Amino acid sequence: MKFFAMHTSVKLGLVAALLILISTLSQTQAADYEEIDWVALMPEDDLSALLNRPEFLNDIADGSAADSVDDFASKQLEDEQAQRYQQALVSTRVIEAFDGKAIRIPGFIVPLEQNDEQKATAFFVVPYFGACLHMPPPPPNQILYVEYKEGIAVENLYDPYWFEGTVKIDNHESALGTSAYSLVLDSFALYEE
């Protein structure tokens with residue numbers, strides 16, 4: 001009986017030590033997320049092309065038939081700057097160094113699938129509100145695709161969140177857009193500065 005009691009206390013000590021180790025590892029892992037800006041996911045030449053918008057686009061009325069990525073993408077452009085801009089709008093080019101990287105990024109949810117509780121279980125994370133829903137989607141290399149079995153109750157599409165997880169280079173197409181990355185989600189929280 002004495003051996004069993006000692007053996008049990010050793011077991012309890014090992015369990016306690018293991019729990020402390022797991023807790024410490026969890027805290028260490030949480031601190032290992034690199035907080036990034038959206039533009040970090042985009043190749044520099046794509047960003048440069050988008051920042052140097054062709055002048056003629058300023059003459060297109062907001063909301064008109066010509067004010068769409070599809071209309072612009074269908075044009076045969078001779079100007080090199082306009083061609084690069086056109087390519088950057090739909091670019092699936094990625095930064096390979098992000099594959100498998102743990103990141104923390106702010107963004108908005110664009111629901112794609114919901115469970116019976118009306119929680120978003122598949123969604124895009126995008127850099128600005130209204131992306132994919134009320135305006136043209138961002139380039140695919142500015143969209144993260146997430147599958148999250150537990151689901152997120154999205155009360156308001158205007159609400160920004162912080163997302164923490166591991167990036168995977170993986171294209172996903174939907175009627176609302178295409179993503180060049182996916183995010184294996186570890187945690188999320190409403191955005192607070």
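As the structure is a prediction and not an experimental result, all values here were calculated from the model.

Asker: So what's going on with the overall build of the chain? Residues and values would help.
Answerer: Helices and strands together make up the secondary structure of the chain, namely four helices and six strands. When each of the 193 residues of the chain is scored for burial, the buried share is 33%. Total accessible area on the chain is roughly 11900 Å²; 53% of this is exposed by carbon and sulfur atoms.

Asker: With reference to specific residues and values, describe unusual backbone geometry.
Answerer: Of note in this structure, Q118 is not a glycine but carries a positive phi near 65°. The topology assignment puts Q118 in the loop between β2 (102-114) and β3 (120-126).

Asker: Describe the confidence of the model for the chain, with residues and values.
Answerer: The predicted coordinates should not be examined in detail at positions where pLDDT is low. The share of residues in the chain with pLDDT of 70 or more is 80%, and the mean pLDDT across the chain is 83. pLDDT under 50 marks residues 1-29. Its contacts with residues more than four places away, or in other chains, come to zero contacts.

Asker: Could you give an account of the pattern of salt bridges, with specific residues and numbers?
Answerer: Tallying each qualifying case throughout the model produces eight salt bridges. Of the charged contacts in the structure, one is a salt bridge between D45 and R84, with a shortest N-O distance of 3.7 Å. Note that D45 is positioned in helix α2 (residues 44-51) and R84 in helix α4 (residues 80-89), a separation of 39 residues in sequence. Its relative accessible area of 38% is what places D45 among the partly exposed residues. Of the residues examined, R84 reaches a relative accessible area of 23% and is grouped as partly exposed. Put simply, E164 and R104 hold a salt bridge, and the shortest N to O gap is 3.3 Å. Taken together, the residues E164 in strand β5 (residues 161-174) and R104 in strand β2 connect sequence positions 60 residues apart. Of the residues examined, E164 reaches a relative accessible area of 16% and is grouped as buried. Here R104 falls in the partly exposed class, since its relative accessible area comes to 23%.

Asker: Which residues make up the environment of L89, and what are the values?
Answerer: Structurally, L89 is set in helix α4. Along the primary structure L89 and L50 are separated by 39 residues, whereas in three dimensions their C-alpha atoms are 7.3 Å apart. Apart from residues lying up to four places away in sequence, L89 is in contact with L50, F72, P139 and P140.

Asker: Before we move on, can you summarise α2 with the specific residues and values?
Answerer: Looking only at α2, the buried set comprises D46, A49 and L50. The buried residues of α2 occupy an angular sector of 95° when projected down its axis, which confines them to one face. Away from the buried face of α2 by more than 90 degrees, exposed residues E44 and L51 are located. Turning to α2, the residues buried within the fold contact α4.

Asker: Give a description of the nonpolar core that names residues and reports values.
Answerer: Counting residues in each nonpolar core, the largest one holds 22 residues, and the members touching the most others are F123 and F163. For F163, the residues in contact, after removing those within four places along its chain, are I103, R104, I105, G107, I109, F123, V125, I152, L183, L185, S187 and F188. A49, L57, L77 and L89 belong to the second-largest nonpolar core, a separate cluster that totals 10 residues.

Asker: Which residues make up the side chain of S182, and what are the values?
Answerer: On the secondary structure map, S182 appears in strand β6 (residues 177-190). Not counting chain neighbours up to four residues away, the residues in contact with S182 comprise Y145, T166, V167, K168 and D170.

Asker: Quick one: what's the story with the side chain of T121, residue by residue and with numbers?
Answerer: Relative to the assigned elements, T121 resides in strand β3. On the accessibility criterion, T121 (15% relative accessible area) is buried. Contact partners of T121, with chain neighbours within four places excluded, come to E113, Q114, N115, V146, E147, Y148, K149 and G151.

Definitions and cut-offs
- Residues numbered from 1 in each chain as written.
- Predicted model: local features only at pLDDT ≥ 70, side-chain atom pairs only at ≥ 80, totals over all residues.
- Heavy atoms only, no water.
- Helix = DSSP H or I, 4+ residues; strand = E, 2+ residues; numbered from the N terminus.
- Buried < 20%, exposed > 50% of the residue type's maximum accessible area, 1.4 Å probe, protein only.
- Areas by Shrake-Rupley, 256 points an atom, 1.4 Å probe, with all protein chains shown as cover.
- pLDDT = per-residue confidence, 0-100.
- Contact = heavy atoms within 4.5 Å.
- Salt bridge = Lys/Arg side-chain N within 4 Å of Asp/Glu carboxyl O.
- Arc of directions from axis to C-beta.
- Core = buried A, V, L, I, M, F, W, Y, C linked by side-chain atoms within 4.5 Å.

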